[in-house]
Structure formats: structure tokens, C-alpha cells
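The primary structure of each chain is shown beneath.
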Amino acid sequence: ADATGIVITDDTRIGGAIGAIGDLDRFRLQLAAPQFVRIETFTSLNQCNNGFTTTLRVFDAGGATVITDTGPLAGSGIANCAGLVFPLPAGTFYVQVEESGNNAPMPTYVLEVELLGDDA
């Protein structure tokens, strides 16, 4: 994630694809202050095609899992797409997008990150 040069510091939409089975994408999230954060995936802007299921994972700077949403199993996003709303302290985190089960490519997705404000 650090090698891509993409650092999320504000409300952001990123387009991506899972090109091969087992592939995943990871993006750096840098928070200057504690925030409530909404992170959601879509198969296209604000849509979720039932042919794909996404999983979102957030890791801290040391690689420990902070929170995970596995799409329809957790029920936080639209249809089969994952979505999370939760507080994070200031610091560096990594947002990971994957096709649930890592058993199929996904030709396109949109990752949306929204900083909702101070969690204090």
C-alpha cells in the first residue's frame, strides 16, 4: 500500500479491480485526528451487483486487524458489498478490499472513504 503513493487523508473515491483469484488491494489511510470513518465498497458508483461479494478489512500500522466486514454476512453495505462505520484514533491504518473468499476476479469496484468528524 505504501508503494502506490495513494494516501487517503480526506473523503475519497478510488476505482480498482481484483484482477486474479487471491488478489487484494490495500490503501493507506492517514488520520491527523480521531475520526468516525465510513468505508464502503461498490461494484460501480453507488451500486452493488449481486454477482460479486466484497470484504473490507482495516489494519493498524503494525498489521493487526482493527475491523472487518464480509459483505452480506455482516450486512453493513448495500447488497453483497461491504461497508463499515466506526471510530478510529489518529494514526496510520490500511484499508483492504478483496473479493470475498478470494475465489474470483472482480473486474471493477469503487472504494469510498468518508471522514465523518471527531469521535470525542
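So, a few notes on the structure that sits alongside this text. (Residues numbered from 1 in each chain as written. Predicted model: local features only at pLDDT ≥ 70, side-chain atom pairs only at ≥ 80, totals over all residues. Heavy atoms only, no water.)

1. Observations regarding the environment of Thr 53
Cut-off, in case you're wondering: Where helices and strands are cited, they refer to DSSP runs of H or I of at least four residues and of E of at least two residues respectively, numbered from the N terminus. Here the term buried applies to any residue with accessible area under 20% of the maximum for its type, exposed to any over 50%, and partly exposed to those in between, with areas from a 1.4 Å probe on protein chains only.
Its location among the elements puts Thr 53 in the loop between strand S4 (35-42) and strand S5 (54-60). On the basis of relative accessible area, Thr 53 is assigned to the buried category, the value being 19%. Sequence spacing of Thr 53 and Phe 42 is 11 residues, and the spatial spacing of their C-alpha atoms is 9.5 Å.

2. With respect to the packing of aromatic side chains
This is how it is decided: Within 6.5 Å between ring centres, the rings of Phe, Tyr and Trp (the latter by its six-membered ring) count as paired, and their orientation is classed by plane angle as stacked under 30 degrees, edge-to-face over 60, tilted in between. By definition here, charges over rings are those cases where NZ of Lys or CZ of Arg is within 6 Å of the ring centre and within 35 degrees of the ring normal.
Enumeration according to the criterion identifies 0 aromatic pairs in this entry. Across from the ring centre of Phe 59, 4.1 Å away, lies the NZ or CZ of Arg 26, which sits over that ring.

3. Quick look at the nonpolar core
Counted only if it meets this: Grouping buried Ala, Val, Leu, Ile, Met, Phe, Trp, Tyr and Cys residues that are joined through side-chain atoms within 4.5 Å yields what is termed a nonpolar core. What makes two residues a contact is simply this: any of their non-hydrogen atoms within 4.5 Å.
Counting 22 residues, the largest nonpolar core has Leu 29, Ile 39, Leu 56, Leu 111 and Val 113 as the members making the most contacts within it. Secondary structure elements with two or more residues in this core: strand S2 (12-18), strand S3 (24-31), S4, S5, strand S7 (83-88), strand S8 (91-99) and strand S9 (106-117). Here Leu 111 is in contact with Thr 12, Arg 13, Ile 14, Phe 27, Ile 39, Glu 40, Thr 41, Leu 56, Val 95 and Val 97, once residues within four sequence places are set aside.

4. Let's talk about the pattern of salt bridges
To keep it simple, the criterion reads: Take a side-chain nitrogen of Lys or Arg and a carboxyl oxygen of Asp or Glu: if they are within 4 Å of each other, that pair is a salt bridge.
Per the stated rule, a full pass over the model turns up 5 salt bridges. Between Arg 38 and Glu 112 there is a salt bridge, with the nearest N and O atoms lying 2.3 Å from each other. Separated by 74 residues along the polypeptide, Arg 38 in strand S4 and Glu 112 in strand S9 bring together distant segments of the chain. Taken individually, Arg 38 and Glu 112 each receive the classification buried, so the pair is uniform in this respect. Arg 38 is paired through a salt bridge with Glu 114; the nearest N and O atoms lie 3.1 Å apart. Of this pair, Arg 38 sits in strand S4 while Glu 114 is found in strand S9, placing the two residues 76 residues apart along the sequence.

5. Notes on the pairing of S5
Put simply, the rule reads: In short, DSSP must find at least two bridges between two strands for them to pair.
With 5 of its 7 residues buried, S5 lies for the most part within the structure. Pairing of S5 with S8 involves 7 bridges; the strand directions are antiparallel. Note on S8: the bridge partner recorded for Arg 57 is Gln 96. Pairing geometry for S5 and strand S6 (residues 65-69), over 4 bridges, is antiparallel. Each residue of the ladder has a partner; that of Val 58, found in S6, is Ile 67.

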